[in-house]
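Okay, here's what each chain looks like letter by letter:
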Amino acid sequence: RVAERTAELESQAEKLQLLADHDSLTGLVNYGQFTRLLDLALVRAARRGTIVVVMFIDLDGFKAVNDTWGHATGDLVLKAVADRVQARLRKEDVLARLGGDEFVILLEEVTGLEGAARVAQLALDAIRGRAEADGHPVRISGSIGISATCGQPATPGLAQSLLAEADQAMYSAKQSGKSRYAVSPHAHRPTSRMTGDTT
């Protein structure tokens with residue numbers, strides 16, 4: 001009985017940890033766990049001299065979905081977006097929901113910003129592919145901001161700086177017409193070609 005009780009307590013602890021680290025709506029990693037994973041990725045990148053990429057995603061047209069069809073339909077859209085984008089990523093990539101209609105992707109050991117651009121385009125296509133929810137027509141797209149660093153020592157505040165740079169780049173994508181990605185001017189650029197207009 002002691003062994004059974006111990007196993008039960010361990011199972012409950014695992015469930016509580018899962019709830020603490022994941023978004024309750026989509027099941028994705030939440031903000032707190034994402035920042036911890038990003039910190040670890042930066043330590044590995046500094047040791048290996050590899051690239052870490054952060055992509056900040058904001059949905060275009062999501063407010064109209066909530067206003068027109070209600071939050072229940074909006075929740076279905078968020079879950080569908082999470083599933084569709086996750087399906088386009090590698091097993092080792094991390095997709096998190098920061099809250100509302102904001103998501104973020106963490107990539108490690110990509111070949112360069114051109115590789116990141118391919119992932120961003122896959123995410124944009126996945127988001128645009130959602131055309132209905134709960135029987136209602138929906139029209140959404142995504143704006144993505146990209147930041148990156150290569151082999152930089154994992155100094156305090158670096159993770160937050162990468163997130164902030166990706167966030168600012170996302171706003172640039174919105175101002176340029178939405179449904180596209182933009183790269184932070186501070187991103188480490190091991191390749192020369194990088195554009196993001198999808199229109």
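If you're wondering where the values come from, they're calculated on a predicted model, not measured in any experiment.

The rules behind the values
Per chain, residues are indexed from 1 in the order of the written sequence. In keeping with the model being predicted, local features are shown solely for residues with a pLDDT of at least 70 and side-chain atom pairs are shown and tallied solely at 80 or more, while totals for entire chains, interfaces and linings include all residues. With hydrogens and water stripped out, all remaining heavy atoms of the structure feed into the side-chain values. Note on exposure labels: buried denotes an accessible area under 20% of the residue type's maximum, exposed denotes more than 50%, and partly exposed covers the range between, all computed with a 1.4 Å probe on protein chains only. Each helix is a run of H or I in the DSSP string that is no shorter than four residues. Each strand is a run of E no shorter than two, and both are numbered from the N terminus. Two strands are counted as paired when DSSP detects at least two bridges linking them. The quantity known as pLDDT measures the predictor's confidence residue by residue, on a range of 0 to 100. Every residue pair with non-hydrogen atoms within 4.5 Å of one another is taken to be in contact. Angles here are taken between N-to-C directions and fall from 0 to 180 degrees, while the axes themselves are lines fitted to C-alpha atoms, restricted in helices to the stretch in contact. In protein, a polar contact means a hydrogen-donor-capable atom and an acceptor-capable atom, both N or O and within 3.5 Å, with residues adjacent in sequence counting only if both atoms are side-chain atoms; elsewhere, any N or O pair within 3.5 Å suffices. Helix span, as expected, comes to 1.5 Å for every residue beyond the first. An arc is given here, and it is the one of the directions from the helix axis to the C-beta atoms. In plain words, nonpolar cores are sets of buried Ala, Val, Leu, Ile, Met, Phe, Trp, Tyr and Cys residues tied together by side-chain atoms within 4.5 Å.

Some remarks on the pairing of strand β7 (residues 180-183)
The two faces of the sheet receive side chains in turn, since in a regular strand these alternate between them.
Then, number 1: Residue alternation in β7 divides its side chains into two sets, Arg180 and Ala182 and Tyr181 and Val183, and both sets are buried.
Then, number 2: Here four bridges tie strand β6 (residues 141-150) to β7, and the two strands are oriented parallel to one another. Residue pairing across strands places Ser143 opposite Arg180, the latter belonging to β7.

Focus on the confidence of the model for the chain
Then, number 1: Looking at the chain as a whole, the pLDDT averages 87, with 84% of positions reaching at least 70.
Then, number 2: In the model, residues 191-199 has pLDDT below 50 throughout and makes 20 contacts with residues more than four positions away in sequence or in other chains.

Some remarks on the packing of helix α3 (residues 62-69) against helix α4 (residues 71-87)
Then, number 1: At a minimum axis distance of 7 Å, the contact between α3 and α4 shows a crossing angle of 145 degrees. Residues Phe62, Val65, Asn66 and Trp69 of α3 form the contact with α4, whose participating residues are His71, Thr73, Gly74, Val77 and Leu78.

Digging into the side chain of Thr26
Then, number 1: Counting through the fold element by element, Thr26 comes out in the loop between α1 (2-21) and α2 (31-48).
Then, number 2: Among the polar contacts listed, one links the side chain of Thr26 to the side chain of Asp23, at a separation of 2.6 Å.
Then, number 3: A polar contact of 3.2 Å, which involves the side chain of Thr26, links it to the backbone nitrogen of Leu28.
Then, number 4: Beyond its immediate sequence surroundings of up to four residues, Thr26 is in contact with Leu78, Lys79, Ala82 and Arg97.

Considering the pairing of strand β1 (residues 51-60)
Then, number 1: A large share of β1 lies buried, amounting to 10 of its 10 residues.
Then, number 2: Judged by which residues are buried, β1 turns out to be covered on both faces: Ile51, Val53, Met55, Ile57 and Leu59 on one side and Val52, Val54, Phe56, Asp58 and Asp60 on the other are all buried.
Then, number 3: Bridging between β1 and β6 involves 10 bridges; their strand directions are antiparallel. Pairing of Ile51 across the sheet is with Cys150, part of β6.
Then, number 4: As defined by bridge partners, β1 adjoins strand β3 (residues 102-108) across seven bridges and the pair is classed as antiparallel. Bridge pairing in β3 places Val54 opposite Leu106.

Observations regarding helix α6 (residues 158-175)
Then, number 1: If you check α6, its first and last C-alpha atoms are 26 Å apart, about what 18 residues at 1.5 Å a residue would give, namely 26 Å.
Then, number 2: Within the span of α6, buried status applies to Leu158, Ala159, Leu162, Leu163, Ala166, Ala169, Met170, Ala173 and Lys174. The arc that holds the buried residues of α6, viewed along the axis, is 165 degrees, so those residues lie on one side. For α6, the exposed residues lying more than 90 degrees away from the buried face are Gln168 and Gln175.
Then, number 3: Where α6 is buried, its residues touch α2, β1, β3, β6 and β7.

Some remarks on the nonpolar core
Then, number 1: Counting residues in hydrophobic clusters, the biggest one holds 37 residues, and the most contacted among them are Val53, Met55, Phe103, Ile105, Ile144 and Ile146.
Then, number 2: In terms of residues, this core owes the most to one element, helix α5 (residues 113-128), which gives nine residues.
Then, number 3: Beyond its immediate stretch of four places on either side in the chain, Met55 contacts Phe103, Val104, Ile105, Leu107, Ala116, Val119, Ala120, Ile144, Gly145 and Ile146.
Then, number 4: In terms of nonpolar packing, the next biggest core, distinct from the first, is built from 19 residues, Val29, Ala41, Val94 and Ala96 among them.

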